[in-house]
Amino acid sequence: MAQPKSTSAPRADDYQFGVLIVDDDETILNLLKEIITMVPGCHVRTATEPAIAMKEIVRNNIDIVITDVHMPGVTGLEMLKDIVALERTPEIIVMTAYPSGEIANQAMELGAMSMIAKPFDDIAQVPAELEKAIKKILRQRSTEKEVAAKKRELASLQTSAPDTDEVMKVSLPDSPVEDPRKNGPKPAEQGAPASTSVSAPSEAPPVKEPLDYGVMPTRKLYPISLLEPLIEIEMERCKRYKRQMAIGMIDIPEPSPSADQIERQTHRQEQIELLENCVRKSDVILDAGADGVAVLAYECNRLGVEVVEHKLMASGFQHTGFGVYPSEAKNPGDVIEVAKRNLQGKRKFQILVLEQEEFFARILLNMLSDPKYFPTWSKSFEDAYQMIIRMTEKLKLLTLSMTKDPKQWALLARLKKENLVQWPILLFIDVPLTPPLRDQLRTFGVRAVINRAISQEEFTYIVQTLVLPKPIQEERKNFRALVTLPVQYEFEGKKLSSNTFTLSRDGLFIRDMNPPQSGTRMQLEIFMPGQTGSLKTTAEVLYAVPYFVGVNRFHVAGAAVKFLDFTEEQKNLIDTFVSQSRTSYFL
């Protein structure tokens, strides 16, 4: 396994979320506070009227506002107008008993990101909408850090020579402009807001409290044998107080294959210290040896798990799996199995197949039957959008067929607008790929276009190229390309001609309906464009694939052959041609 790139510990305030609930109904406030406080990093404040809510937003770092729009006095709608006028606007989720009414529509026009109908027919809608808001905030914070890093990089490249351009002297400030938001209290300075209901306005500044998150000293790792006893103890508390807990299984990234025993021990200790900064002080970490570590997260629901997993992923822990009690399992053994099953799913490449034609969708699912893939099929554009919301951090590839359905293009535009396309899109296309169409597809995030008649081998090759991590691809020094070149080969007195299917510096695959058996030696000539003559070599058949038609897909018949006596110069010539040919299917 490739050595993971070093990842610094995430900043504590990147995973702190100030949540303000605004409603004149104390029952609603207490219910929502009970749900949201189980999300690690969420610090809940409440307000019973818009005037108090605005003071909370101005004084504190409020990231998410969940508000009713029908309240006595100043309405929630008028409060929304004041919120969007602020320099730093939080994400807004509105609650209303009339989701299709005019006021609700006005709320969405003012910038509310989503809406929850009251009374709550399904309380699960609250954490679902909160999850969308948190993921959006995390994406924005990641982008801000990338922009800041880029600015620092560009600043380091600037020369210290005096600026003689009078126009530039006038238009550029002599010193950096301070961000006005820096004048306000930061989450790390302010501390975790108290989860108390506000019943009357107060001019006193908020009380500073310590955060649950932050850099912690190395703590003791408990043996994995204690996991089930600890779960059984916590289950009784969960039943008594109607709380939830989560069990996590986490793979420790492997060190370099060349590392000795001392280096491996040092690497593991460094990774565990990094992991400690991703969980709360109250959570328990258990050592599972070669299977990584387990985490017992007290008072944590599924949405809280999503936040923790995002933090772990940002720290370099790509393979994690969590189970939540009691919503996903009823006993210790089951909740551990749920976590292990989710971990196994993370070890695979998540692929979403968006296909309205069921027959072709089943063909694609069969073509993705390799154990390293975890394909999910969706027939509906709306269902696919909801899946993408849940899978954005885990998804590796989206496949779909180009149609004239406006809903498809609306979905692609929506994904682009909401900055959800963090993975390649593979498009099946049956029309000529003109330059304007190519440019348009690129803007939507489409990385490769192929025809529906593509063979199993070609499809597998393209999918691997798109989903394999870049470090693994770079380790493949002898990359192959799907190219068609004329070849002639002679063995056992037979002289035949055909063309290639794949080509690399080490060998190629020849298309042949009746291929020679493995171990056969042959004299081979390859005819490459731009070369005055052919490239000649002795080759050996490694394996043969006879012609046959699969249940759902045809396969390429032929023989994989290995070059035996090409010179380094000839291999470099093939390398150059292969690197230029790899873009055949890619935009």
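Everything in this summary refers to the structure shown in the same document. (Residues numbered from 1 in each chain as written. Predicted model: local features only at pLDDT ≥ 70, side-chain atom pairs only at ≥ 80, totals over all residues. Heavy atoms only, no water.)

1. Description of the overall build of the protein chain
At step 1: If you tally the helices and strands in the protein chain, you get 18 helices and 23 strands.
At step 2: Burial analysis of the protein chain (587 residues in total) assigns 46% to the buried set.
At step 3: When contacts within the protein chain are restricted to residue pairs at least 6 apart in sequence, those whose partners lie at least 24 apart make up 67%. (Helix = DSSP H or I, 4+ residues; strand = E, 2+ residues; numbered from the N terminus. Buried < 20%, exposed > 50% of the residue type's maximum accessible area, 1.4 Å probe, protein only. Contact = heavy atoms within 4.5 Å.)

2. Regarding the pattern of salt bridges
At step 1: All told, the structure shown has 25 salt bridges when counted by the stated rule.
At step 2: One salt bridge connects Lys 135 with Glu 131, and the closest N-O pair in it is separated by 3.2 Å. Separated by 4 residues within a single helix, Lys 135 and Glu 131 lie in helix α5 (residues 125–157), roughly one turn from each other. An identical accessibility class is assigned to Lys 135 and Glu 131; each is buried.
At step 3: Where Glu 254 meets Arg 264, a salt bridge forms, and the shortest distance between an N and an O atom there is 3.8 Å. Note that Glu 254 is positioned in the loop between β8 (245–250) and α9 (261–276) and Arg 264 in helix α9, a separation of 10 residues in sequence.
At step 4: Its relative accessible area of 36% is what places Glu 254 among the partly exposed residues.
At step 5: Salt bridges sharing common partners tie together Glu 34, Glu 234, Arg 237, Arg 243 and Glu 299. (Salt bridge = Lys/Arg side-chain N within 4 Å of Asp/Glu carboxyl O.)

3. Re the pairing of strand β19 (residues 494–503)
At step 1: For strand β17 (residues 481–482) and β19, the ladder comprises 2 bridges, and the chain directions are antiparallel. Bridged to Leu 482 within β19 is Thr 502.
At step 2: As paired strands, strand β18 (residues 486–491) and β19 are joined by 6 bridges and run antiparallel to one another. Bridge pairing in β19 links Phe 491 to Lys 494.
At step 3: Following β18, the chain reverses through 2 residues before pairing antiparallel with β19; Glu 492 in that reversal takes a positive phi of roughly 50°.
At step 4: Direction of pairing for β19 relative to strand β20 (residues 507–511): antiparallel, over a ladder of 3 bridges. Residue pairing in the sheet places Leu 503 in a bridge with Leu 508 of β20.
At step 5: The antiparallel pairing of β19 with β20 creates a hairpin that spans 3 residues between the two strands. (Pairing = 2+ DSSP bridges.)

4. Describing empty space enclosed by the protein
At step 1: A complete count under the given rule lists 2 cavities of 30 Å³ or more for this structure.
At step 2: Reported here for the largest cavity is a volume of approximately 110 Å³.
At step 3: Forming the boundary of the largest cavity are 13 residues, of which Lys 135, Glu 306, Val 307, His 310 and Glu 393 lie nearest the centre.
At step 4: With 6 residues, the top contributor of residues to the lining of the largest cavity is helix α10 (residues 302–314). (1 Å grid on protein atoms, 1.4 Å probe; cavity = no way out; pocket = protein on both sides within 12 Å on 5 of 7 lines; lining within 4 Å. Points joined across faces, edges and corners; volume = space filled by probe spheres on them.)

5. Here we look at the nonpolar core
At step 1: Residues Leu 426, Ile 450, Phe 459, Ile 462 and Val 463 are the most contacted members of the largest nonpolar core, which totals 30 residues.
At step 2: If one sorts the elements of this core by residue count, helix α16 (residues 456–467) sits on top with 6 residues.
At step 3: The contacts of Val 463, once residues within four sequence positions are left out, are Ile 351, Leu 368, Tyr 373, Leu 397 and Leu 426.
At step 4: Ranked by size, the runner-up nonpolar core spans 26 residues in total, among them Met 387, Leu 398, Leu 411 and Phe 444. (Core = buried A, V, L, I, M, F, W, Y, C linked by side-chain atoms within 4.5 Å.)

6. Structural notes on the pairing of strand β23 (residues 558–563)
At step 1: Counting buried positions along β23 gives 5 out of 6 residues, so the element sits mostly inside the fold.
At step 2: Summarising the sheet, β20 and β23 pair through 5 bridges and their orientation is antiparallel. Counted as the bridge partner of Arg 511 is Gly 558 from β23.
At step 3: In terms of strand pairing, strand β22 (residues 535–545) meets β23 through 6 bridges, oriented antiparallel. Within β23, the position partnered with Tyr 543 by the bridge is Ala 560.

7. A word on the packing of helix α13 (residues 381–391) against helix α14 (residues 406–417)
At step 1: Two elements in contact, α13 and α14, have axes separated by 10 Å at closest approach and are oriented at 20°. One element, α13, and the other, α14, form an angle in the roughly parallel class. The element α13 and its partner α14 pack so that their crossing is right-handed. Within the contact between the two elements, α13 uses Phe 381, Glu 382, Tyr 385 and Ile 388 and α14 uses Lys 407, Gln 408, Leu 411, Arg 414 and Leu 415.
At step 2: Here the residues of the contact of α13 with α14 are counted per class, giving 5 nonpolar, 1 polar and 3 charged. (Axes fitted to C-alpha atoms, helices over the stretch in contact; angles between N-to-C directions. Parallel < 35°, antiparallel > 145°, perpendicular 65-115°, else oblique. Left-handed = near helix turned anticlockwise from the far one by under 90°. Nonpolar A, V, L, I, M, F, W, Y, C, P; charged D, E, K, R; others polar.)

8. A closer look at the layout of surface pockets
At step 1: When its volume is computed, the second largest pocket comes out at roughly 930 Å³.
At step 2: Residue lining of the second largest pocket: 33 residues in total, with Glu 131, Arg 302, Glu 306, Glu 328 and Arg 390 positioned closest to the centre.
At step 3: Residue assignment for the lining of the second largest pocket shows that the elements contributing at least two residues are α5, α10, β11 (320–325), α11 (332–346), β13 (373–378) and α13.
At step 4: Considered class by class, the residues forming the lining of the second largest pocket number 12 nonpolar, 10 polar and 11 charged.

9. Topic: helix α12 (residues 358–367)
At step 1: Among the residues making up α12, those that are buried are Phe 360, Ala 361, Ile 363, Leu 364 and Met 367. Buried residues of α12, viewed axially, fall in a sector of 155°; they line one side.
At step 2: Elements in contact with the buried residues of α12: β12 (349–354), β13, β14 (395–401), β15 (425–428) and α16. (Arc of directions from axis to C-beta.)

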